[in-house]
Amino acid sequence: NILVHRQTKEKMNNNLNSALRGQLSPLMNDSDQTKHDENYIADMQNIGTTLELHDVLKELKKIIPLEYAGEWDNVGLLIEPTGLLFVENILLTIDLTEKVLDEAISKGINLIIAYHPPLFKPLKSLTQHSWKERIAIRCIEHRIAVFSPHTALDAIQGGINDYLLHEFKCSEVK
């Protein structure tokens, strides 16, 4: 299953979720996509396979080359649980918040693709002090990997920049 979390109904976020779903469609079975109140779930069970985390990451990097990201950005695999991890359920989100993580845990998600990197500046400790530390701890405890494409997804053809520019009817984009 790929679950797309819709945190707001603002047009920009709708376009961002559309771009994420569009770029990740090779990993999804669109014919089995179902709409729910605030979420989109694409059923991948008909594909009949689960993939090891590093195989999923290999495919993601083909779709969204991380070398397109800004030098300053923190993209790629940000949290990796120990041991072999088979990905059965993926959650797509704009921002990984504690509320989104609660939903991911309740739905048995094992990979979260968060557009904005939840870890950006180095953490000096892993305590319950800040929400970012709590997210990192809980992801590890629940064996949830976290991947962020951020500016790499902006830069690719058909990515976020193209979705945002589409509204302006640009005839040429450099």
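Up top is the structure.
Note that the structure is predicted; figures quoted are calculated from it, not measured. (Residues numbered from 1 in each chain as written. Predicted model: local features only at pLDDT ≥ 70, side-chain atom pairs only at ≥ 80, totals over all residues. Heavy atoms only, no water.)

Draft legend 1. Layout of unusual backbone geometry. The backbone of arginine 143 shows a phi angle near 55°, a positive value even though the residue is not glycine. For arginine 143, the location among the structural elements is in the loop between helix 4 (131–141) and strand 9 (145–148). Residue classification places arginine 143 among the partly exposed positions, given a relative accessible area of 32%. The phi angle at histidine 150 is positive, at roughly 25°, despite the residue not being glycine. (Helix = DSSP H or I, 4+ residues; strand = E, 2+ residues; numbered from the N terminus. Buried < 20%, exposed > 50% of the residue type's maximum accessible area, 1.4 Å probe, protein only.)

Draft legend 2. Main features of the side chain of histidine 150. Topologically, histidine 150 is positioned in helix 5 (residues 150–155). Given the relative accessible area of 12%, histidine 150 is considered buried. Setting aside anything within four residues of it in sequence, one finds histidine 150 in contact with Trp72, Asp73, Val75, Tyr115, His116 and Pro117. (Contact = heavy atoms within 4.5 Å.)

Draft legend 3. Broad picture of the pairing of strand 8 (residues 111–114). The alternating pattern of strand 8 places Leu111 and Ile113 and Ile112 and Ala114 on opposite faces, both of which are buried. Of the pairings in the sheet, the one linking strand 7 (residues 90–93) to strand 8 comprises four bridges and is parallel in character. Of the residues in strand 8, the one forming a bridge with leucine 92 is isoleucine 113. Remark: the strand 7/helix 3 (residues 98–106)/strand 8 crossover connection has right-handed handedness. The pairing of strand 8 with strand 9 spans three bridges and is parallel. The residue bridging leucine 111 from the neighbouring strand is alanine 145, located in strand 9. Taken together, strand 8, helix 4 and strand 9 form a β-α-β motif whose crossover is right-handed. (Pairing = 2+ DSSP bridges. Right-handed = clockwise from strand over helix to strand, strands pointing away.)

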